[in-house]
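Listed below are the residues making up each chain.
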Amino acid sequence: MDAETSTATWAERARSAATSVNSGFGHRVLRLVPGTWIASVTRPARKVGRPWDPWHYWWQAHYVDCLVDASWRQLDDQSPQGHDPSTGAAGAGSEPRELALARALLAGIRIRNFFQYRNAFYDDMAWLALSGSRTQRLTERVHGRGLRDAETITRTLGRQLVAANTGAGGGGLFWNTRRRFKNMAATAPAALFFARTGERDRAQKLVDWMDATLFDPAQGLYLDGINLAKDGTTELVRDIWTYNQGPVLGALLELAGAKNLARAEGLIAAIDRHLTVDAHDAALGRPLRGDGGGDAGLFMGILARYLTLAALDPSLRPEAGDTARRLVLDTAEALWRGAERHPGTRGEAYWTFPQKPGQAASDEYPRGRRVELSTQLQAWMVLEFAHELTR
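Because the structure is a prediction, the values reported are computed rather than measured.

Participant: Help me out: how do you make sense of the overall build of the protein chain in this one?
Facilitator: Per the secondary structure count, the protein chain includes 13 helices and eleven strands. In terms of C-alpha radius of gyration, the protein chain reaches 20 Å, essentially the compact-globule figure of 21 Å for 391 residues. A total of 391 residues make up the protein chain; the buried ones form 57% of that total. Restricting the contact set of the protein chain to residue pairs at least 6 apart, pairs at least 24 apart contribute 64%. Carbon together with sulfur atoms contributes 50% to the accessible area of the protein chain, which is approximately 16300 Å² in total. The positive charge centre, built from 48 side chains, and the negative charge centre, built from 44, are 8 Å apart in the protein chain.

Okay, here's the thing in structure tokens:
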């Protein structure tokens with residue numbers, strides 16, 4: 001990582017990524033419904049959307065998170081005091097454009113999802129519950145009042161997550177409404193949501209279940225999930241994904257206490273050992289492993305989000321926080337160096353970012369190939385985190 005990269009430089013890089021996503025993917029629902037916003041899943045997109053086109057509910061949930069991240073950055077720019085990441089407190093200022101887009105996106109998700117926030121996947125609902133609650137807190141800071149859509153999300157999806165948390169398999173959350181598979185992807189973000197919304201006992205039980213059922217002590221990482229058979233037996237699915245380590249890290253930090261913080265520190269060390277790559281450039285250090293495109297195009301960015309919280313958490317030992325910080329900044333630098341700048345049709349530039357740190361965007365997205373929203377959201381969020389860590 002380039003040790004001279006300043007917070008102002010990271011802020012400009014994050015602004016470039018935000019503009020590229022908002023202008024390259026974002027639009028009104030059906031391109032005409034006022035007060036709404038949604039993102040196409042590829043760029044370039046169809047000029048006229050169709051109701052049956054893919055839209056990926058959970059990608060939109062992370063788009064909300066990115067808009068909230070950018071809003072905090074803009075508030076930091078307006079206030080020399082910035083904000084306290086532990087409380088969310090911010091200086092006074094005008095509403096960031098991205099906060100208005102986040103509100104419109106929550107409305108757009110509801111309309112695009114057939115006028116409701118529920119769907120068949122509990123992990124999807126957990127991600128939206130988290131980003132909706134962050135939008136709620138930010139709106140309260142800026143305007144001194146709540147946001148109806150965010151309140152509805154927290155209430156409605158919170159009930160769905162509670163219903164998915166059963167004693168089958170010893171605990172945890174089902175992945176979807178078929179109720180045959182319990183996994184990290186649903187349980188970890190739900191645990192973090194519960195910890196943040198006052199259900200700390202439920203959150204701790206979920207964390208303990210993940211530790212007892214899905215933690216692999218040989219690697220220090222969490223496995224994917226368990227299949228539940230009709231006779232009550234279970235089958236362990238041993239896949240390891242970067243994003244499954246992220247929200248459980250967030251839940252451990254949120255719940256705190258000596259045992260949880262020790263788990264968090266061990267997890268950070270294991271991530272450093274097993275989920276990094278050699279970028280083949282000493283200046284880039286050892287960034288996080290990228291998992292590819294499609295849904296996997298968000299995995300590394302989700303892990304980076306919670307490593308950023310770890311880097312800013314004074315409860316952890318300094319070496320753990322320093323490791324988390326290094327991992328995020330190395331990843332951000334590698335993604336930026338692989339980005340490609342394009343001249344815009346109206347004179348403004350836009351950027352394409354690679355799927356994986358250490359690779360070039362032009363290799364993964366050659367001319368004529370559609371660019372995926374997931375990978376561009378991932379790069380955007382990591383650049384926002386680099387700005388946060390260098391303030």
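Participant: What am I meant to see in the packing of aromatic side chains here?
Facilitator: For the coordinates displayed, the defined rule picks out 13 aromatic pairs. Their ring planes at 35° and their centres at 4.6 Å tell us that W336 and W351 sit as a pair that is tilted. Of the two residues, W336 sits in helix α11 (residues 318-337) while W351 sits in strand β10 (residues 349-352), which places them 15 residues apart along the sequence. By the ring-pair criterion, three or more aromatic residues cluster together here, those being W58, W127, W241, Y243 and F299. Directly above the ring of W10 sits R13, whose terminal nitrogen or CZ lies 4.7 Å from the centroid.

Participant: Would you explain the sheet that holds strand β8 (residues 234-237) in this entry?
Facilitator: Where strands meet in a sheet, backbone hydrogen bonds hold them as pairs that are either parallel or antiparallel. Taken in spatial order, the three strands line up as β4-β7-β8 in an open sheet, and their pairing is antiparallel. Since the sheet does not close on itself, it has two edges, and those belong to β4 (181-183) and β8, each with one partner. In this sheet, adjacent strand axes meet at a mean angle of 20° when their direction is disregarded. Bridge analysis of strand β7 (residues 225-228) against β8 gives four bridges, and the strand direction is antiparallel. Across the sheet, residue I226 finds its bridge partner in β8, namely L236.

Participant: Honestly, the environment of W336 in this entry has me stumped. Any pointers?
Facilitator: Note on W336: relative accessible area 15%, which makes it buried. For the pair W336 and W175, spaced 161 residues apart in sequence, the C-alpha to C-alpha distance is 34 Å. With residues up to four places along the chain from it excluded, the contact list for W336 reads R13, S16, W351, F353 and L383.

Participant: So what exactly am I meant to see when it comes to the environment of E265 here?
Facilitator: Within the fold, E265 resides in helix α9 (residues 258-274). Taking the C-alpha atoms as reference points, E265 and T323, separated by 58 residues in sequence, lie 9.6 Å from one another. The contacts of E265, once residues within four sequence positions are left out, are L316, R317 and A320.

Participant: Even after reading the chapter, I still don't get unusual backbone geometry, so can you show me in this structure?
Facilitator: The bulk of non-glycine residues show a negative phi, and the bulk of peptide bonds are trans. Of note, the bond from R43 into P44 is cis; its omega dihedral lies within 30 degrees of zero at 0°. In this structure, L30 is a non-glycine residue whose phi angle is positive, near 55°. Phi angles above zero are rare outside glycine, and F115 is one such case at about 65°. In this fold, F115 is placed in the loop between α3 (97-112) and α4 (122-143). For F115, a relative accessible area of 57% corresponds to the exposed category.

Participant: Looking at this model, I keep getting lost on the confidence of the model for the protein chain. Mind explaining?
Facilitator: Caution applies to low-pLDDT regions: their predicted coordinates should not be interpreted in detail. The share of residues in the protein chain with pLDDT of 70 or more is 92%, and the mean pLDDT across the chain is 93. In the model, residues 84-92 has pLDDT below 50 throughout and makes 19 contacts with residues more than four positions away in sequence or in other chains.

Participant: Help me understand the packing of helix α10 (residues 299-311) against helix α13 (residues 373-389), please; the structure alone is not making it clear to me.
Facilitator: Relative orientation of the contacting elements α10 and α13 amounts to 15°, with a least axis distance of 8 Å. Looking at the two axes, α10 sits roughly parallel to α13. Handedness of the α10/α13 crossing: left-handed. Counting all contacts with α10, which are made through F299, M300, G301, I302, A304, R305, T308 and A311, the residues of α13 involved are Q378, M381, V382, F385, E388 and L389. Residues of the contact of α10 with α13, tallied by class, amount to nine nonpolar, three polar and two charged.

Participant: What should I look at first to understand α4 in this one?
Facilitator: Residue pairs spaced three or four apart in an α-helix point in one direction, given the helix's 3.6 residues per turn. The terminal C-alpha atoms of α4, which comprises 22 residues, lie 31 Å apart, in line with the 32 Å expected from a rise of 1.5 Å per residue. Burial analysis of α4 places 17 of its 22 residues in the buried class, the great majority of the element. Following α4 by one or two positions, G144 adopts a phi angle in the positive range, close to 75°.

Participant: Mind showing me how you'd approach helix α2 (residues 57-78) here?
Facilitator: Spanning 22 residues, α2 covers 32 Å between terminal C-alpha atoms, matching the ideal 32 Å at 1.5 Å per step. Extensive coverage of α2 is indicated by the burial of 20 of its 22 residues.

Participant: Sorry, what's going on with the pairing of β7 here?
Facilitator: Here β4 pairs with β7 via three bridges, running antiparallel. Across the sheet, residue N183 finds its bridge partner in β7, namely G225.

Participant: Explanation requested: the pattern of salt bridges in the structure shown.
Facilitator: Should the charged atoms of two oppositely charged side chains come close, the side chains can pair. Considering all chains together, one arrives at 19 salt bridges under this definition. Its salt-bridge partner being D69, residue R134 comes within 3.0 Å of it at the nearest N-O pair. Residue R134 is located in helix α4, and its partner D69 is located in helix α2; the two are separated by 65 residues in the primary sequence. A relative accessible area of 16% means that R134 is categorised as buried. Judged by its relative accessible area of 9%, D69 is buried. Salt-bridge contacts for R263 lead to D211; the nearest nitrogen and oxygen are separated by 3.6 Å. Placement of the pair is R263 in helix α9 and D211 in helix α7 (residues 200-213), with a sequence separation of 52 residues. For D211, a relative accessible area of 24% puts it in the partly exposed group. If you follow the salt bridges from partner to partner, you end up with D65, D69, R134 and R305 in one network.

Analysis parameters
- Residues numbered from 1 in each chain as written.
- Predicted model: local features only at pLDDT ≥ 70, side-chain atom pairs only at ≥ 80, totals over all residues.
- Heavy atoms only, no water.
- Helix = DSSP H or I, 4+ residues; strand = E, 2+ residues; numbered from the N terminus.
- Rg over C-alpha atoms; globule rule 2.2 N^0.38 Å.
- Buried < 20%, exposed > 50% of the residue type's maximum accessible area, 1.4 Å probe, protein only.
- Contact = heavy atoms within 4.5 Å.
- Areas by Shrake-Rupley, 256 points an atom, 1.4 Å probe, with all protein chains shown as cover.
- Lys, Arg positive; Asp, Glu negative; His and termini not counted.
- Charge placed at Lys NZ, Arg CZ, Asp CG, Glu CD.
- Phe/Tyr/Trp six-rings, centres within 6.5 Å; stacked < 30°, edge-to-face > 60°.
- Lys NZ or Arg CZ within 6 Å of the ring centre and 35° of its normal.
- Pairing = 2+ DSSP bridges.
- Axes fitted to C-alpha atoms, helices over the stretch in contact; angles between N-to-C directions.
- pLDDT = per-residue confidence, 0-100.
- Parallel < 35°, antiparallel > 145°, perpendicular 65-115°, else oblique.
- Left-handed = near helix turned anticlockwise from the far one by under 90°.
- Nonpolar A, V, L, I, M, F, W, Y, C, P; charged D, E, K, R; others polar.
- Expected span 1.5 Å × (residues − 1).
- Salt bridge = Lys/Arg side-chain N within 4 Å of Asp/Glu carboxyl O.

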